[in-house]
Amino acid sequence: MSSCRLLQSELKLWTSGRSKWTRGLNEGIGWSGKTFLSTSCCPKVCIVGSGPAGFYTAQHLIKARQDVEVDIYERLPVPFGLVRFGVAPDHPEVKNVINTFTQTAKHSRCSFYGNVNVGKDVTVGELQQAYHAVVLSYGAEGNRRVGVPGEDLRGVYSAKDFVGWYNGLPSCRELSPDLSCETAVILGQGNVALDVARILLSPLDILKKTDITQPALEALAESQVRKVLIVGRRGPMQVACTIKELREMVNLPGTRPEMVAADFEGVPEALKVVRSERIYGRSLSAVADLPRPRKRLTELLMKTAMEVPGDKELERRKNATKIWGFRFYRSPTEIFADPSHSRTAGIRLAVNRLEGSGERAQAVLTGEVEDVSCGLVISSIGYKSHPIDPSVPFDSRRAIVPNSVGRVHQAAGLYCSGWLKTGPTGVIATTMNNSFDTARSLLEDVDSGTLDISTAKPGSQIVSMLLEERGVKPVTFSDWEKIDSLEMRKGEACGKPREKLLTVEEMLKVART
Amino acid sequence: MAAAAAARSSMGLTLRLSRVIPDCRSCPLYRFKGCVDNTAGSQRRGSFDNLRTINRHLQTSICLYQAEEGSSNAEDPDDVVNVVYIDRSGKRIPVKAKVGDNILYLAHKHGIDLEGACEASLACSTCHVYVNSDHFDKLPEPDEREDDMLDMAPMLQENSRLGCQIILTPDLDGIELTLPKVTRNFYVDGHVPKPH
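Bear in mind that the values here come from a model prediction, so they are computed numbers and not experimental data.

Peer 1: Kindly report on the overall build of chain B, identifying the contributing residues and their values.
Peer 2: Within chain B, the regular secondary structure consists of 7 helices and 5 strands. The N-to-C order of helical and strand elements in chain B reads α-α-α-α-β-β-α-β-α-α-β-β. In chain B, which comprises 196 residues, the share counted as buried stands at 45%. Restricting to contacts in chain B with at least 6 residues of sequence separation, those with at least 24 account for 63%. For chain B, the exposed surface amounts to about 10,500 Å²; the carbon and sulfur share of it is 54%.

Next comes the structure, spelled out in structure tokens:
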């Protein structure tokens, strides 16, 4: 480690002759010809992306080997990815994981470099030259398109953009969603869809104590939206959301549920199934009951949709001013415009029936359609990863980097973790396990010699030089802490945990103070 | 992980020194009424300029951590609860704990690989453990919120619980907690492949 420190001070003296000393560095030979780097120096790993995947991969690597050094590069000046920009403002406990990530970032063998756009400011190839291994964990910044006419009308937004807007993602600042209609239709029935529904209908009193952005809070205060329909292609037994989020909707103050009884035909029977199989004349009672999570979720859904509530709940529902509900067996075919304003006026939904049952059930068109008037359509059918560098293999059909347990196919020294590796599903815990797996693969490769660490690598020294030449100034973790402090102070003044800075310019200005 | 616990406590001090008082709600000491600041919790937020208040917090937290360390070494036989962790490689790790200890933070103190992403606030399932049958029934029924989070845990079993919700009592002496093996060799959704 001390030899690396020495290297740092020696490098600062060099101001020219880049190509000469780059070559020299790679061979472990200094300007004067002296060998100053020992062979098998600390393995240096570069991680692209500072969300949960990046940080959990870093955490595992640093803990596993005392000599690994990890550098995390992030495009924005601020770290933490979807924990900051995806987790709903009214879910602050989920964001506690930031404390774990902060510990990792402040570890002596970890460095954070924000404001660096990998693919543009520095290529993956250059990173691979500078480090022994590169782990891509930049997640999924795009969204799956619905692919119907009218999708680009005013009043139609992707959940990714809507969530980015209320969470302060700089690129979504100008979204200005139109909330002047009575009915909103959300396409998709996963947790993101429920987050959007909940934020649209939450009482302002609750929202104003969260870290939701000020512009979003103001827009929601003016919102006319009173009814939110959460639409899915299949039935109640196939909803992708989880019970915690469903319970939050059921208990949301000022709202009441409204669903279609016919949608629940066959569900009570499915809940009670105990299949017994007869094989070779013997009866094998396989308790093929529903898995517990699906069972509890479906029971709650049934109860909410069908059960006659008790007096207290009846009273609560009577006083509710906002309505929400799932609509099942519906697929969008077209979004209509209001002829005079060319903004959204309604959506045409094709009616489906199910073939098969359980998780593998398929939606099949019946030929019937149903039109729903609405002024806001939010599509929440999945995020999607993009390729950031042509040299990195990319499977455009599945929108992931092709890999085996995190080892990128046909690319030695390249790994991936998080949603880029498996596709954009799962919660933080899922990503954690996924990232640990990638870290394990990398460490296995070091142990087996597949990943060669015998030649010293310059790591961030060279990348810093390249960035400086290109006029890019990275944001360090302590720079981020200035932004963090300011946001919390601003939030304190208005009873919020933080008031987020909304533009990259503002963030950089504070970082440089 | 003991180093991590030390790092965490020093982090707490650093945060206080830089006048950023962390949110108490998620700390187990606060939740389980083990924190002296509990009653004063609601008043703490506004006192940035009151140096004396901060100093008091500093002393309180230092004393708390020291007290925690101290009492775990004092072996009052009535207080001791023997716990065994079985880590992901199958290794048995016996630990001497005391009544009132929280399974998650106990694991951290002894360097056991149990994550607690949401810091015991029932917002994740990373501290998922299996409890041995002898002791599983002795645990109080899970809160509905714990069951909701358990539903998201991979490899869910009948004897699954969240470690952050298990508080040691004398009748849990001998409890064994197994960490689920969630690696690429095991299917994350609990699917058990049929032998072919």
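Peer 1: Quick rundown of the confidence of the model for chain B? Include the residues and the values.
Peer 2: Segments scoring low in pLDDT should not have their predicted coordinates read at a detailed level. All names here are of chain B. On average, chain B scores 73 in pLDDT, and the residues at 70 or more come to 55%. Residue range residues 15–22 is modelled with pLDDT below 50. Its contacts to residues more than four positions away, or to other chains, number 23 contacts. Between residues 37–72, whose pLDDT stays under 50, and residues either more than four places distant or in other chains, the model counts 45 contacts.

Peer 1: Now, about the interface of chain A and chain B: what can you tell me, with residues and values included?
Peer 2: Counting residues at the interface gives 31 residues for chain A, matched by 31 residues for chain B. Summed over both partners, the interface of chain A with chain B comes to about 2,700 Å²; 52% of that surface belongs to carbon and sulfur atoms. The three residues of chain A that bury the most area against chain B are A:Q103, A:R292 and A:E492, which together make up 20% of that side's buried surface. One salt bridge connects B:D151 with A:R296, and the closest N-O pair in it is separated by 2.8 Å. Where chain A meets chain B, there are 13 residue pairs in polar contact (both at pLDDT 80 or more). Where the side of chain A that touches chain B is concerned, the elements lending two or more residues are α3 (52–64), α5 (97–105), α11 (243–250), α13 (292–306), α16 (428–448) and α18 (477–493) of chain A.

Peer 1: Give me the lowdown on the sheet that holds strand β12 (residues 322–327) of chain A, citing residues and values where you can.
Peer 2: Residues and elements named next belong to chain A. A sheet is described by the order of its strands in space; here 6 strands give the open sequence β6-β16-β7-β8-β12-β9, paired in parallel fashion. Either end of the sheet is taken by a strand with one partner, and the two such strands are β6 (156–158) and β9 (255–257). Taken pair by pair, the neighbouring strands of this sheet meet at an average axis angle of 20°, ignoring direction. Across 5 bridges, strand β8 (residues 227–231) lies against β12 in parallel orientation.

Peer 1: Talk me through the sheet that holds strand β15 (residues 362–373) of chain A; I want residue IDs and the actual numbers.
Peer 2: Residue and element names in this part refer to chain A. What the 3 strands build is an open sheet, ordered β13-β14-β15; its pairing is antiparallel. Two strands lie at the open edges of the sheet, namely β13 (330–337) and β15, each paired on one side alone. Across this sheet, the average inter-strand angle for adjacent strands is 20°, counted without regard to direction. Inspection of the sheet shows β13 paired to strand β14 (residues 344–355) by 7 bridges, in the antiparallel sense. Bridging across to β14, F336 finds its partner in G346.

Peer 1: Residue-level account of the nonpolar core, with values.
Peer 2: A:L200 and A:F326 are the most contacted members of the largest nonpolar core, which totals 52 residues. At 7 residues, the largest contribution of residues to this core is made by helix α8 (residues 191–201) of chain A. Non-local contacts of A:F326, meaning those with residues more than four positions away in its chain, are made with A:Q189, A:L194, A:I230, A:V239, A:C241, A:L246, A:M259 and A:L301. Counting residues in hydrophobic clusters, the runner-up holds 48 residues, among them A:I62, A:F477, A:I483 and B:C118.

Peer 1: Can you lay out the packing of aromatic side chains for me, pointing to particular residues and giving the numbers?
Peer 2: All told, the structure shown has 16 aromatic pairs over all chains when counted by the stated rule. Through pairs of rings, three or more aromatic residues link up here, namely A:F55, A:Y56, A:F80, A:F101, A:F112, A:F436, A:F477 and A:W480.

Peer 1: Please provide a residue-by-residue account of the packing of α3(A) against α5(A), values included.
Peer 2: Residue and element names in this part refer to chain A. The contact between α3 and α5 brings their axes to 10 Å, and the two run at 50°. Judged on the interaxial angle alone, α5 and α3 are oblique. The two elements α3 and α5 meet at a crossing, and its hand is left-handed. Taken together, the residues of α5 that come into contact with α3 (itself represented by P52, F55, Y56, A58, Q59 and I62) are V97, T100, F101, T104 and A105. When the residues that make up the contact of α3 with α5 are grouped by side-chain class, the tally is 8 nonpolar, 3 polar and no charged.

Peer 1: Please give an account of the pairing of strand β2 (residues 69–73) of chain A that cites residues and values.
Peer 2: All names here are of chain A. Taken across its 5 residues, β2 has 5 buried, putting it largely inside the fold. The two faces of β2 match: E69, D71 and Y73 on one face and V70 and I72 on the other face are all buried. Bridge count between strand β1 (residues 44–48) and β2: 5 bridges; the pairing is parallel. Bridging from a neighbouring strand, I47 pairs with I72 of β2. Following the backbone out of β1, through α3 and into the adjacent parallel β2, one traces a crossover that is right-handed.

Peer 1: Go over α13(A) with me, naming the residues and quoting the values.
Peer 2: Side chains that are three or four residues apart share a direction in an α-helix, a result of its 3.6 residues per turn. When the terminal C-alpha atoms of α13(A) are compared, their 21 Å separation across 15 residues agrees well with the 21 Å that a helix rising 1.5 Å per residue should span. Residues of α13(A) that are buried include every one of A:R294, A:R296, A:L297, A:T298, A:L300, A:L301, A:M302 and A:T304, and no others. Buried positions along α13(A) lie against α11, β9, α12 (267–271), α14 (311–318) and β12 of chain A together with α7 (144–150) of chain B.

Calculation criteria
- Residues numbered from 1 in each chain as written.
- Chains lettered and ligands numbered in written order.
- Predicted model: local features only at pLDDT ≥ 70, side-chain atom pairs only at ≥ 80, totals over all residues.
- Heavy atoms only, no water.
- Helix = DSSP H or I, 4+ residues; strand = E, 2+ residues; numbered from the N terminus.
- Buried < 20%, exposed > 50% of the residue type's maximum accessible area, 1.4 Å probe, protein only.
- Contact = heavy atoms within 4.5 Å.
- Areas by Shrake-Rupley, 256 points an atom, 1.4 Å probe, with all protein chains shown as cover.
- pLDDT = per-residue confidence, 0-100.
- Buried area = accessible area lost by both parts, 1.4 Å probe.
- Salt bridge = Lys/Arg side-chain N within 4 Å of Asp/Glu carboxyl O.
- Polar contact = N/O pair within 3.5 Å; in protein donor to acceptor, adjacent residues only side chain to side chain.
- Pairing = 2+ DSSP bridges.
- Axes fitted to C-alpha atoms, helices over the stretch in contact; angles between N-to-C directions.
- Core = buried A, V, L, I, M, F, W, Y, C linked by side-chain atoms within 4.5 Å.
- Phe/Tyr/Trp six-rings, centres within 6.5 Å; stacked < 30°, edge-to-face > 60°.
- Parallel < 35°, antiparallel > 145°, perpendicular 65-115°, else oblique.
- Left-handed = near helix turned anticlockwise from the far one by under 90°.
- Nonpolar A, V, L, I, M, F, W, Y, C, P; charged D, E, K, R; others polar.
- Right-handed = clockwise from strand over helix to strand, strands pointing away.
- Expected span 1.5 Å × (residues − 1).

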